[in-house]
Every structure is written in structure tokens, then in C-alpha cells.
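# Reading the structure
So the chains spell out like this:
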2 protein chains.
Amino acid sequence: MKKLLNDPANAVVESVEGFVAAHADIVEAHDDPIFGTRVGGAVQGKVGLVSGGGSGHEPLHAGFVGVGMLSAAVPGAVFTSPTPDQITPALLAADGGAGVLAIVKNYTGDVLNFETAVELAEAEGVEVATVVTDDDVAVQDSLYTAGRRGVAGTVCVEKIAGAAAERGDDLAAVAAVASKVNANVRTMGVALTACTVPHVGKPSFDLPDDEIEIGIGIHGEPGRRRIPLAPADEITQMLLDPVADDLGLTSGEEVLLLVNGMGGTPLSELYVVYRQARKLLEGRGAVVVRSLVGNYVTSLEMQGASVTVLRLDAELTELWDAPVHTAALRW
Amino acid sequence: MKKLLNDPANAVVESVEGFVAAHADIVEAHDDPIFGTRVGGAVQGKVGLVSGGGSGHEPLHAGFVGVGMLSAAVPGAVFTSPTPDQITPALLAADGGAGVLAIVKNYTGDVLNFETAVELAEAEGVEVATVVTDDDVAVQDSLYTAGRRGVAGTVCVEKIAGAAAERGDDLAAVAAVASKVNANVRTMGVALTACTVPHVGKPSFDLPDDEIEIGIGIHGEPGRRRIPLAPADEITQMLLDPVADDLGLTSGEEVLLLVNGMGGTPLSELYVVYRQARKLLEGRGAVVVRSLVGNYVTSLEMQGASVTVLRLDAELTELWDAPVHTAALRW
């Protein structure tokens, strides 16, 4: 295992320390239990947004804390759900009197721990709504999931719901737009190489030098099938077609195209994937009006990428375009 | 070789096509010869900035084309200098009547080809000044270099000189501030793994599973020494100390700290490096007032990182903070 780490047991804490020091104008950390909130705390009268999950997917979620996106983020150990005793104080800290939306990727541990935390927060008088993201079309059930997995589409949910909260929508409206995004976003990924969880010390799975895994999850969970390494355009089609089919895209629809790197793939390769995904969408008559290319929902140092398509309408486009000021997304 | 590519011979062109399609609001491409310019072309009366170099370091340089930074970028083949016939039209396109600053990383091929291109552009009546960046403290001469190599500090030069051009400084002033940044910025990097040039198909060098290369160049050129894999804090000290010593940092000075990923390193690890580099700087009495952490000057899928320190003063801080709107840097 070759990583820039000290004791693997301290990897998450030391990374969070660095993150908070580098972005002290945006995020502040709370210790014991650990979670991060926007500097200045909850905004009175506005809905707060909280997300979280296992670490190893950076910049998700702490990189999306800031004006126009999340109010707080809760990091678990690597690929491990955060605990209710971490999540509950984050929910309380995010409440500015208008309630809190919890955005939870669909993994059994995350869902259960957020449910418990939400009950505890509600017992303290905070109104909480929950939206579970499940945008991965690759598999119906998975190693850690009943139902589809929540993956890169979660960034779209967090950005757009964050903009709705920022403009002053009430909790029901923010939850509704988050659900609308989740209902209109689909993702599928590919792994070229496995990743290694620091405290495990060996790759999460074996992938021969001449094979790739189509439909990989963001924790290295099995996908749809293994195939021999193929040209990028062919791989991209294997990702884009199921996404567009499942979304039921019809000609003339406007979409956002997100090509997400898994952590170890050069940006230049992500643009090669973007180029072909866009061509395929245009071949279906879709119109790509917004784009995002980069490492947003990663799997440690895994080489690979995912393709996400979000069906847009005027409201979603306006909310996507609204200002955002976080460590990882800013405009 | 596992990459998301089609024919390796088309890797750069296809990546540029994807890049320009994704960022059509910021950059437009010119074919035959290939280079990229800001949408809308040169700004009349303002100094233009042009940079370029071998591909494989993305987002450098095309990711830094846009308002407040570069006017044009010229991509060579992977790890290969662009040719004068590419650079010359980029220099001409960047001229809004106030002249052009060429920012060139110190590699023999880049320097020679830019020199030729500058002569050709001057013959067309464009005034051009050149600043060569050489921030890498690792080695005095190198595989492709007489003198020190230009590496991640180039981002600081491009950002700050771009802001000076944007506020209307004349060519001599923009060149002076670019030189000032270069004189006050130092970098050193480490490789955990080698990278593979697509058209070569095998790793650029051999690095055993239990060794790392301290002082690596951004093309995999040899650094100072190979050592056994060590804890991140120790590695960080081997990078930060030579940088701070060479810069002659004294107590109380304000600095920008850039921790740059080589392409294949997870963001979480870069923050572990940032944490320790910042501590070491603070231990020297320096004050870290600005930070940047991420993949900015990469070496394909290499795992590793570099640490850059820029000595700031009021002018440089103000120019760093000035608005920038590019694909890879935006605030």
C-alpha cells in the first residue's frame, strides 16, 4: 500500500484537520464527535442541509459545505457510515429554526444511522426531512444496499437543494426539489483499478491487468460485469446508454452531464469520456446545457470514472446556476 | 497500460475536444495548429497572457484560460513541447494592442520553441515579453532542463500576472510582477508511483513497491533520491524544508501554501500533506494566509504530490484574491 498517510487509524482525522485549516474561511470542525459546519453556523430562518457518509469519497461531503450548498457534513471512517452520535449534533447545528434536510446516500448503514439521528434530533425539537439518493443504475441491490446505490448524482441533489434553501424555500419545498433531482438523475461507473482502504492495507478487490469492471460502486462493490479493457468510446457507451435509457430521455430534453473521476484518473481522460458521452447524448437528441467534469465523488485512488445525466427544467437550471461558495464547487 | 483512451495518437486532440465542449462559455479551440483562447478573443488595450507546454499536466494550462488569468494556452503532445507554429498564432491571437506576456516553464524544448515563436510574432508587430518559471528546488539541472525546472509554482505566476493584466497594467509591469512571483515561489515534489505516457505504453520509470522518489519532476524525471516509503509527515518535511530554506523564509512572513496532486493521489491525502506542511511553516514563524489544495499541475496518473510556498506581500495577495473565471480556478 503506497499512500501519503501516517498511522492509517488517524487518516480521516488528519485529513479533516488539513481540510479545515486550508478552508477556515468556509468550514469549521467540531471534535468529539467529529463533523463540519459552515463558518458562522446556521442561518436563521433558512433550511439547513446536512449530508454525510463514509470517508474516502472526497471532496464529498465536506467539500460541499458552504453558502449555497450544505450546512454541515459528517464523515465516517473510510467507507463506513458515520454514527448517530455524530449525525445528531450536526443536524442540531444546522437548524436555523426552519428545519433541516438530511441528504443520505442509499447504503444500509447510512440510512439506519441517519434514521436514528433524525429521531434524536426531532426529540430535541428540530424538524427534519430526509431524501435518500439512489442514482446508480448499475445494480438493483448491492453489497451494502437494498435498492440502488447513491453515487455521483448526490452532488446534483446537494447543489440544487442548497440553492433552494439559500433562496428561502421552506423545508417541504427544499425536500421536494431534492426529491425531484434524485428522480431525474442517473449514474453509472467503471473501475480500471481497485482502491485500498488504509486500515485494510490491501486492494478491496482483484482486477486483472487486462480487465475493467462496468457498473462499479464507489466502495469497489461489484458492478454488472467484467470485460476486457476497451477503447474509451466503447466504455463510455456502456455507461451512458443504461443511464439515458433508464432516465427515458427523449429528443429535445435539456440535461446536465457530469463526468466524475474516481480519484486516480487524470483529468485529461475524463474529458475524453465527456466528449463521447456528450456525442451520444446529442445523438439521442438531448441538449447538454450544463457540464461538470472532475473528481467529485471518489473512491480513494481508484482509476475509473462515472457518467451522470440530470434531466433539467427551468427551475433546476436556475438553481444549479445560483452562486455557490464551497471548497470544491464555487461560482 | 490501463487508461480511458481510444487511439493513444489521438489522446490530446480528443481530450481538448471534450474540454472545449464542456467549457464553451470560457474557452474556444483553434485547429491546425491547435491552441485555445478565451471566448471573445483578445481584450483591446489589455496585456495578453500565453502559456503552453507538453500535455499530461492538466488542468495546466488550458484549465487556466479565462478572465483574470491566461488569454491562450498551447498544448503539445504528451510531455512534449508545443511547436513554434502552434505558439506563434496563439501569441498573435492574445494581442489586444498592449502586447503579450509568454509564461514558459523551464524545459529546454519549451524555451527554444517559445523563443522562435516570439521572434515570429514580433516580426508580425506584436510586442512580447517572456518570463521563464523555474520554481523546482529539487535539482539544479535535469533530464530536459538547464537550470531548475518550472513546476507547480507556474500556477501562481499565471494567476497573479493574469490579475495584473486584468486590472490594466502595461506589459512591463505585468512581466515584472510575473518575475516577482517566480522569484518568490519554490516547489518540491514526491512520486509514489510512475506514470505512463499513452503512446509509450509503459511506465516512464521503475519505482519498487516499497520506494518513493523525493524531488521528482513532473515528467517523471529523477529527483534527489529514492527512499523507502515513509509516513506522510516525514515525506512532507523532506519537501517543505528545502522549499522554505531555499526561499530564505524568515519569521513573520506571510505565505501562500499550495499542495498539488500529481494526478493519481486522493484529495484526502493531499490534505494530510497540507496539514503537516502548514505546521512546519508555522513552526518557522511563517503565517499561511492563502492556500490551494488539489490537482493543478499533474503528471498523468502519477501518485504523489508537491509542496509549493509563495512569499506574499500586499500586492501579490491582492492580485491572488482578484476574481478569476477559468475551468480549473474560479473565485
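Bear in mind the structure is a predicted one, so any value in this text is a computation, not a measurement.

## Here's the deal with the overall build of chain A
For chain A, the helix and strand inventory stands at eight helices and 14 strands. Computed over its C-alpha atoms, the radius of gyration of chain A comes to 19 Å, within 12% of the 20 Å expected for a compact globule of 331 residues. Its C-alpha atoms put chain A at 55 × 50 × 35 Å along the principal axes. Across chain A, the fraction of contacts at a sequence separation of at least 24, relative to all contacts at a separation of at least 6, is 74%. For chain A, the accessible area works out to roughly 10800 Å², and carbon and sulfur atoms hold 51% of it.

## Re the UniProt feature "domain: DhaK" (unreviewed entry) in chain A
The sites that UniProt annotates as "domain: DhaK" (unreviewed entry) are residues 7–331 of chain A. As annotated, residues 7–331 of chain A has a helix share of 33% and a strand share of 24%, and its two end C-alpha atoms lie 36 Å apart.

## Comments concerning the sheet that holds strand S7 (residues 128–133) of chain B
Residues and elements named next belong to chain B. If you trace the six strands from one edge of the open sheet to the other, you get S1-S2-S5-S3-S6-S7, paired in mixed fashion. With partners counted over all chains shown, the strands left at the sheet margins are strand S1 (27–30) and S7, one partner each. This sheet shows a mean twist of 20° between the axes of neighbouring strands, independent of strand direction. Bridging between strand S6 (residues 100–105) and S7 involves six bridges; their strand directions are parallel. From the neighbouring strand, Ala102 faces S7, where its bridge partner is Thr130. Together, strand S3 (48–55), S6 and S7 form the strand contacts of helix H5 (residues 171–183), whose direction differs from that of S7 by roughly 5°.

## A look at the pattern of salt bridges
The tally for this structure, following the rule as stated, stands at 40 salt bridges over all chains. One salt bridge in this structure joins A:Glu14 and B:Arg275, with 3.9 Å as the shortest N-O distance. Of this pair, A:Glu14 sits in helix H1 (residues 11–22) while B:Arg275 sits in helix H7 (residues 267–283), which puts the two residues in different chains. B:Arg275 shares its class with A:Glu14; the two are buried.

## Some points on the domain arrangement of chain A
Residue and element names in this part refer to chain A. Here the domain parsing of chain A yields domain 1 (8–184 + 322–326) and domain 2 (185–316). Relative to domain 2, the C-alpha centre of domain 1 lies at a distance of 23 Å. Every contact between the two is made by 35 residues of domain 1 and, on the other side, 38 residues of domain 2. Sorting the residues of domain 1 by area buried against domain 2 places Phe79, Val137 and Asn184 first, and these three jointly supply 21% of that buried surface. Across the pair Asp313 and Lys180 runs a salt bridge whose closest N-O atoms are separated by 2.6 Å. Here domain 1 and domain 2 share 18 residue pairs in polar contact (both at pLDDT 80 or more) between them. Among the secondary structure elements, those contributing two or more residues to the side of domain 1 that touches domain 2 are helix H4 (153–166) and helix H5 (171–183). Counting residues per element, the side of domain 1 that touches domain 2 draws most heavily on H5, at five residues.

Parameters at a glance
Throughout this document, residue positions are counted from 1 along each chain, in the order its sequence is written. Naming scheme: in the order in which they are written, chains are lettered from A and ligands are numbered from 1. Residue-level local features of this predicted model are given only where pLDDT is at least 70; pairs of side-chain atoms are given and counted only at 80 or more, and the full residue set underlies all totals for whole chains, interfaces and linings. Calculation of side-chain values draws on the structure's entire complement of heavy atoms; hydrogens and water are dropped beforehand. Each helix is a run of H or I in the DSSP string that is no shorter than four residues. Each strand is a run of E no shorter than two, and both are numbered from the N terminus. Radius of gyration here is computed from C-alpha atoms only, and the compact-globule reference equals 2.2 Å multiplied by the residue count raised to the power 0.38. Residue contacts are counted whenever heavy atoms from the two residues lie within 4.5 Å of one another. In these tables, accessible area is a Shrake-Rupley quantity obtained with a 1.4 Å probe, and a residue counts as shielded only by the protein chains included in the view. UniProt positions are given in the numbering used here, feature names are shortened, and annotations may be inferred rather than shown by experiment. Following DSSP output, two strands are said to pair if at least two bridges run between them. An axis is simply a line fitted to the C-alpha atoms; with a helix, the fit covers only the stretch in contact. Between two such axes, the angle follows the N-to-C directions and lies from 0 to 180 degrees. Note on definitions: salt bridges are taken to be side-chain nitrogens of Lys or Arg within 4 Å of carboxyl oxygens of Asp or Glu. Three exposure classes are used, based on accessible area relative to the maximum for each residue type with a 1.4 Å probe and protein chains only: buried under 20%, partly exposed in between, and exposed over 50%. Here the limits of each domain have been adopted from an automatic or database domain assignment. Put simply, buried area is the surface a 1.4 Å probe can reach on two separate parts but cannot reach once they are joined, added for both. N or O atoms closer than or at 3.5 Å make up a polar contact, with two conditions inside protein: a donor-capable atom paired with an acceptor-capable one, and, for residues adjacent in sequence, both atoms drawn from side chains.

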